[in-house]
Amino acid sequence: MAVMHVGMKMRIACCSLIYRKALRISLGSLGGKTVGNVVNLMSNDVNRFDMTPLFFHYLWISPIQVVFILYFMYREMHMSALIGILAILGFIPMQAFLGHRTSVLRHKTAVRTDDRVRMMNEIIQGIQVIKMYTWEYAFSSLIYRARQNEINVLKHTSYIRGVIMSFIMFTTRFAIFLTVMSYVLMGNTITAENVFVITSYYQILRQTMTVYFPQGVAQVAEASVAISRIRKFLLTEETDVGDPTPIDPNWRIKPNRRKYKKERDMAPERLLLPRGIWVENAWARYGDDVCLDDITLDVVPGKLTVIIGQVGAGKSCLLNMVLGELHPFKGTMYVNGVISYAAQEPWLFAGSVRQNILFGQEYDRVRYRDVVRVCALTRDFSLLPYGDKTIVGERGISLSGGQRARVNLARAVYKVADIYLLDDPLSAVDTQVGKHLFDECINKYLKDKVVVLVTHQLQYLKHVEQIVILDEGKILVKGSYDYLQESGLNFAKLLEEQLAIDDASEENKVQNILNKISIHSAMSMDSSGLERRFTEPEEVAEMRTIGAVDWLIYKEYFHAGANWCVIAVLCIFFFGAQVFASGGDYFLSQWVKIEEHRTSHHHSTPVETYYSLSRKQCIIIYAILILTTVTVAVSRSFFFFTICMRASVNLHNKMFRSIIRASMRFFQTNTSGRILNRFSKDLGAIDEFLPNAMIDTFQIMLNLLGVVLVVSLISYYLLIPTIAVCILFYMLRRYYLYTSRSVKRLEGITRSPVFAHLNATLQGLTTIRSHGQEMILVDEFDKYQDVHSSAWFMFISTSRAFGYWLDCICVFFIAMVTLSFLVMEETSFGGEVGLAITQCIGLTGLFQWGMRQSAELENQMTSVERVLEFTRIEHEPELESKPDDKPPPDWPQEGEIEFRNAVMRYSTTEPPVLKNLTFVIQPKEKIGIVGRTGAGKSSLISALFRLAYFQGKVYIDGLDIARIGLHDLRRKISIIPQEPVIFSGTMRYNLDPFNEYNDETLLMALQVVEIKSALTDGIACLDQIMAEGGTNVSVGQRQLICLARAIIRNNAILVMDEATANVDPQTDRFIQNTIRTKFSQCTVLTIAHRLNTVMDSDRIMVMDAGNVVELDHPYILLKNKLGYLTTMVNRSGPSMAEHLRKVAQESYEKRYGTSA
């Protein structure tokens, strides 16, 4: 118990250290395979520490035991004892070699498991995109291949384990055979006394030398691999940003603590400079590429600095350099002041909206209310089911893109800081909210602060004191708006074209006041709304089975491994091995009886033919029995582990098929930690621990059966205590399993939050460090760890108590058997008595181990149960159509879309998010979809792709989409999603995972969207490696790659879900032109926040609270002075409104020939 407690402490310490290191890992090191590596280190590698301390001691106990037992046996049988011991010692080099091989294979397995877990993580993060692109099969084959690679190595490990576990069947029997044979061949006569005394000595050795010693070798070897992998991770490059306390709690009192006080913070204090940022001739690298080239920039309080530039210009890299995540390798940078940062991709953790905004800061009611107001969140809180106490789910999955962006901004603004770095917070929100954020939040609320804003929304720039234009990592020009207009740069011309907001003239002031009133009425309610008492929401609990592990789980496990004929053959092998082993033991007692008989009758020929066997014949029979035992035992192990590995592969594939086919609701209610837990920890248990426990259990139960039969052959009276003990064992095991099973299930469930928390942390590292909130996350992680540790400690406590009571019963059983021979009057041969007692002694340690393993088997079967639980989740409808409903290959030719009374909800128990939508989109029509954040724009797309529950009818070219398979539907609709998803692998793989198109087609698509590498490198660009999540390219470039995917597909219907939100106006214009030329014959639905991108559409659909409130040509809609679109256009400012009306009128005249 104490040793296992030590192992548990070691595991917990390593987990804590890995997590603390993950918080300090540098941005450059985070790409590639880190996420899968960290999850695997925490799920599988650290588990080696649980058992290693237990078995480690047998590495020194075993040799000492061998020396003592050799001395005692030498007194009994002289040199023959040495021959038997040498036979056992002869297996040690083999065990050491196999142990070493295990460690080598373990390392290979770990690397392959890392890859598989990383891929699984990517799939979970990008599941919606995978479903929309119908890439399920491509990713399935990728995961199956990764799993097969992993199993190919695991198979060898299993075979080694099988050989080691077979030793228990024959090592001591082989040693007894050699000892007895050599003793007899030396001319000695064996007696019951010396044979069964040495047998009992060998029984003692059997447990230590054939179970614990090889386990010790294997566990230490595997633990050393785990330690080297953890060490490699801990030596990964660290950052000096944020709070170093997690890794170095005493850094403040150390003499060299100045190294943590960043050099860039020290200089301004020496120079007594005010708060601000000073960069001079700075160069920086991201990976091996130079991303910033000779940057010189000063940012001071009260002077808003806006950074603009094309996609991939280095804007986010500049912010990362200011944060300290990237170091200038040349030049100098001084930053003086506390930094707050809002990342370009909103990061939210599983918790309430309020917790996400406060993020560890004290709750200041007045400040909080002001921040919520300036970030335009008041109305959203009134619409959320529990106000700001609504649980947002992992990655903020229950909020819209705009809401996530504003909560992310609110967190940065709520923090009291000197410097605010805002990375494109305006892109995911509509025009009116964007204007509100810029005016109220950035210009007014943060007016006295140092503010650096990255944006593509050029209409806000007219009154900005310092505009910086970046291009390919260089500053092209910087200065005020007027200066840029005169600079002569092409890019600066866009500023004029964008018609930024004018100063409101006298006649516009009344209109502005009215606008403000309408904005406030839409966004600001009575502030007391924030303080309303909402009931606390409940998180969806993880699935959990109760009661005994059903026998059907065992049936499904074996059925996954082989058919029933093969299982029957395996059973014959198991029984055969035991029959030959027990037969050998029984024959030895008969041989002793023959020798005793021969001695007592002075070598006279006995009457019975049984006693007429010569010594030579006895040796041959015994040798055959031992060799057969060895052969059958080893063959059985190979056979068994082959079936187990096949079961592992099939269970994994079955679970993965189920997950990839699951409804989107499943991913919204289950965190990635829960899913990854089953794909890492539970599968690891099925791969490695379950087969061990199972073969041990079967072997020892058959051994028990063998002992019962052998003992009953000697004296059937002994069946009475044997059966009594078996009943006692069974009852004790049953009683123990009630607790143990539930505790083991609880342990599995308490593990999920640990992984979910780790995953969330890795996604939001930059935000966490910039807020200096590492210790809050460390405390949260430790809390999850403590809950898991309490379940684990309960588990090991119960298993140790079980072991103790088993030992007590075993001692009682041996005493009964031994005393029965003294009490019973019938005469027994010494050989038979010796056999009975040695068999019972052999049972003691073995049976305790066997019972523990049988309980462990049931506990490990909970992993199979948990895996099978995920095969019984709610799935989407069929992917392929029934033969009668299959659409023609060229469907849809026209691209007409009709909604009839369509109602959609994300859950059957929740209110609808789309309400009785009825409209028709004509073939080849270009439709702009607008509406404030949360109006149901993206939900409309979900309905079109059948990603959620919907009633009513949706027709495409007159075909009811509910009748056809999901793949037949989704394959025919191109989508450029709101959040561009890139998978690790080559550019080619990201464009065409099925290899359906040739390289020229893929290259042409990349050149059309002007991906730089495609224009410079040609076809070689298709082999460019994309990092996990596409972190080695900018968000805008990821969006362009998604556009290239749509061009390759060339479908009759294209959907763009805010596809140009993260790109600059020039790239936006380029994308719009590409869509007009490349998709001129397609029906295009564009969800947009920038009204200018959709103002020349054939029609605009305005949505509000799940309803279509307006649908017509924008020119017609703008004639309604009180219309929704008119209100939105007016809020964009007088000049912009005039420009938008002009665009709408030109579009109308072009289409209809005259303005109405």
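Just so you know, these numbers come straight off a predicted model, no measurement behind them.

Enquirer: Would you mind showing me how to read a nonpolar patch on the surface here?
Expert: A cluster of nonpolar residues, Phe56, Trp60, Ile64, Phe68, Tyr71 and Phe72, forms a patch on the protein surface that exposes about 640 Å² of accessible area. Per-element accounting of the nonpolar patch gives the leading share, five residues, to helix H5 (residues 58–77). Relative to the elements of secondary structure, Tyr71 occurs in helix H5.

Enquirer: Sorry, what's going on with the nonpolar core here?
Expert: One recurring pattern in soluble globular proteins is that nonpolar side chains are buried together. Core analysis: the largest hydrophobic core is formed by 151 residues, its most contacted members being Tyr557 and Phe899. Filtering out sequence-adjacent residues up to four positions away, Tyr557 remains in contact with Cys644, Ala647, Leu651, Ile686, Leu690, Pro691, Met694, Met861 and Val864. Counting 49 residues, the second-largest nonpolar core is a separate cluster that includes Met169, Ile714, Leu806 and Cys810.

Enquirer: Which parts of the structure should I look at to understand the environment of Ile176?
Expert: Mapping Ile176 onto the fold places it in helix H8 (residues 136–185). Classification of Ile176 by relative accessible area gives buried; the value is 8%. Separated by 19 residues in the primary sequence, Ile176 and Val195 place their C-alpha atoms 8.4 Å from one another.

Enquirer: Could you clarify how one ought to interpret the packing of aromatic side chains in this entry?
Expert: The geometry of an aromatic ring pair is captured by two quantities: the separation of the ring centres and the angle between the planes. Applying the stated criterion to the full structure yields 35 aromatic pairs. With a centroid separation of 5.9 Å and 80° between ring planes, the pair formed by Phe139 and Tyr989 is classed as edge-to-face. Of this pair, Phe139 sits in helix H8 while Tyr989 sits in helix H31 (residues 987–991), and the two are 850 residues apart along the sequence. Here the two residues Phe139 and Tyr989 agree in accessibility, since each one is buried. Between Tyr557 and Phe558, the aromatic rings sit 5.6 Å apart at their centres with planes inclined by 70°, giving edge-to-face as the arrangement. Positioned over the ring face of Tyr363 is Arg354, at 4.6 Å from the centre of the ring. One Lys or Arg, Lys783, reaches over the ring of Tyr784 and ends 5.9 Å from the middle of that ring.

Enquirer: Would you explain the pairing of strand S6 (residues 419–423) in this entry?
Expert: In the case of a regular strand, side chains alternate between the two sheet surfaces. For S6, the tally of buried residues reaches five of five residues, placing the bulk of the element in the interior. Burial along S6 is two-sided: the residues Ile419, Leu421 and Asp423 and Tyr420 and Leu422 are all buried. Examined bridge by bridge, strand S5 (residues 339–342) and S6 share four bridges and lie parallel to one another. Residue pairing in the sheet places Tyr341 in a bridge with Leu421 of S6. What joins S6 to strand S7 (residues 450–454) is helix H16 (residues 431–445), and the crossover it makes is right-handed.

Enquirer: Got a minute to help me understand the confidence of the model for the protein in this structure?
Expert: The predicted coordinates ought not to be read in detail in places where the model reports low pLDDT. Looking at the protein as a whole, its pLDDT mean stands at 80, while 87% of the residues score no less than 70. Confidence, expressed as mean pLDDT per element, reaches its minimum in the protein at helix H19 (residues 506–523) with 35 and its maximum at helix H22 (residues 615–660) with 90. Note on residues 498–536: pLDDT is under 50 here. Beyond four places in sequence and across chains, it has 69 contacts.

Enquirer: How do you make sense of the sheet that holds strand S9 (residues 474–479) when you look at a structure like this?
Expert: Pairing between the strands of a sheet comes from backbone hydrogen bonds, and it takes one of two forms, parallel or antiparallel. In spatial order, the strands read S5-S6-S7-S3-S8-S9; together these six strands make up an open sheet with mixed pairing. Looking along the sheet, the strands with just one partner apiece sit at the ends: S5 and S9. Here the strands of the sheet are splayed against their neighbours by 15° on average, with no regard to which way each runs. Sheet topology note: the strand S8 (residues 466–471)/S9 ladder contains five bridges and is antiparallel. Across the sheet, Ile469 pairs through a bridge with Val477, a residue of S9. Where helix H11 (residues 315–323) meets the sheet, it contacts strand S3 (305–309), S5, S6, S7 and S8, and its direction lies at approximately 155° from that of S6. Across the sheet, helix H15 (residues 401–414) lies against S5 and S6, angled at about 175° from S5, the strand it touches most.

Enquirer: Help me out: how do you make sense of empty space enclosed by the protein in this one?
Expert: In this approach a probe as big as a water molecule rolls over the atoms, and the regions it shows empty are the leftover space. What the rule picks out here adds up to 15 cavities of 30 Å³ or more. Forming the boundary of the largest cavity are 48 residues, of which Met51, Phe689, Gln853, Glu856 and Gln860 lie nearest the centre. Elements supplying a minimum of two residues to the lining of the largest cavity: helix H4 (48–56), H8, helix H9 (192–234), helix H24 (672–714), helix H25 (719–763), helix H27 (774–823) and helix H28 (830–869). Ranked by the residues each element gives to the lining of the largest cavity, the list is headed by H28, at ten residues. Its residues assigned to classes, the lining of the largest cavity comprises 19 nonpolar, 15 polar and 14 charged.

Enquirer: Can you walk me through H8 in this structure?
Expert: Every α-helical turn comprises 3.6 residues, leaving residues that sit three or four positions apart pointing alike. Spanning 50 residues, H8 covers 70 Å between terminal C-alpha atoms, matching the ideal 74 Å at 1.5 Å per step. The largest bend along H8 measures about 45° and falls at Ile168. The buried fraction of H8 is high, at 37 of 50 residues. Of the residues trailing H8, Gly187 is marked for its positive phi of about 95°.

Enquirer: Could you clarify how one ought to interpret the side chain of Asn356 in this entry?
Expert: Relative to the elements of secondary structure, Asn356 occurs in helix H12 (residues 353–358). Looking at Asn356, its side chain comes within polar contact range of the main-chain nitrogen of Phe349, at 3.0 Å. Apart from the residues within four sequence positions on either side, Asn356 is in contact with Leu348, Phe349, Gly351, Val392, Val407 and Arg411.

Enquirer: Before we go on, may I ask you to explain the sheet that holds strand S19 (residues 1083–1087) in this structure?
Expert: Ordered by their spatial adjacency, six strands build an open sheet running S15-S18-S19-S12-S20-S21, and the pairing between neighbours is mixed. Every other strand in the sheet has two partners, leaving strand S15 (973–976) and strand S21 (1107–1112) as the edge strands with one partner each. Across the sheet, the axes of successive neighbouring strands diverge by a mean angle of 15°, strand direction being ignored. Pairing of strand S12 (residues 926–930) with S19, which is carried by four bridges, proceeds in the parallel orientation. From the neighbouring strand, Gly928 faces S19, where its bridge partner is Thr1086. Here helix H29 (residues 937–944) sits on the sheet and contacts S12, S15, strand S18 (1053–1057), S19 and strand S20 (1099–1104); the angle it forms with S19, its principal contact strand, is near 145°. Packed on one face of the sheet, helix H34 (residues 1035–1049) meets S15 and S18 and runs near 170° to S15.

Rules and cut-offs
- Residues numbered from 1 in each chain as written.
- Predicted model: local features only at pLDDT ≥ 70, side-chain atom pairs only at ≥ 80, totals over all residues.
- Heavy atoms only, no water.
- Patch = residues over 30% accessible without salt bridge, like charges linked within 9 Å, V, L, I, M, F, W, Y side chains within 5 Å.
- Areas by Shrake-Rupley, 256 points an atom, 1.4 Å probe, with all protein chains shown as cover.
- Salt bridge = Lys/Arg side-chain N within 4 Å of Asp/Glu carboxyl O.
- Helix = DSSP H or I, 4+ residues; strand = E, 2+ residues; numbered from the N terminus.
- Core = buried A, V, L, I, M, F, W, Y, C linked by side-chain atoms within 4.5 Å.
- Buried < 20%, exposed > 50% of the residue type's maximum accessible area, 1.4 Å probe, protein only.
- Contact = heavy atoms within 4.5 Å.
- Phe/Tyr/Trp six-rings, centres within 6.5 Å; stacked < 30°, edge-to-face > 60°.
- Lys NZ or Arg CZ within 6 Å of the ring centre and 35° of its normal.
- Pairing = 2+ DSSP bridges.
- Right-handed = clockwise from strand over helix to strand, strands pointing away.
- pLDDT = per-residue confidence, 0-100.
- Axes fitted to C-alpha atoms, helices over the stretch in contact; angles between N-to-C directions.
- 1 Å grid on protein atoms, 1.4 Å probe; cavity = no way out; pocket = protein on both sides within 12 Å on 5 of 7 lines; lining within 4 Å.
- Points joined across faces, edges and corners; volume = space filled by probe spheres on them.
- Nonpolar A, V, L, I, M, F, W, Y, C, P; charged D, E, K, R; others polar.
- Expected span 1.5 Å × (residues − 1).
- Bend = angle between axes of the 7 residues up to and from the residue.
- Polar contact = N/O pair within 3.5 Å; in protein donor to acceptor, adjacent residues only side chain to side chain.

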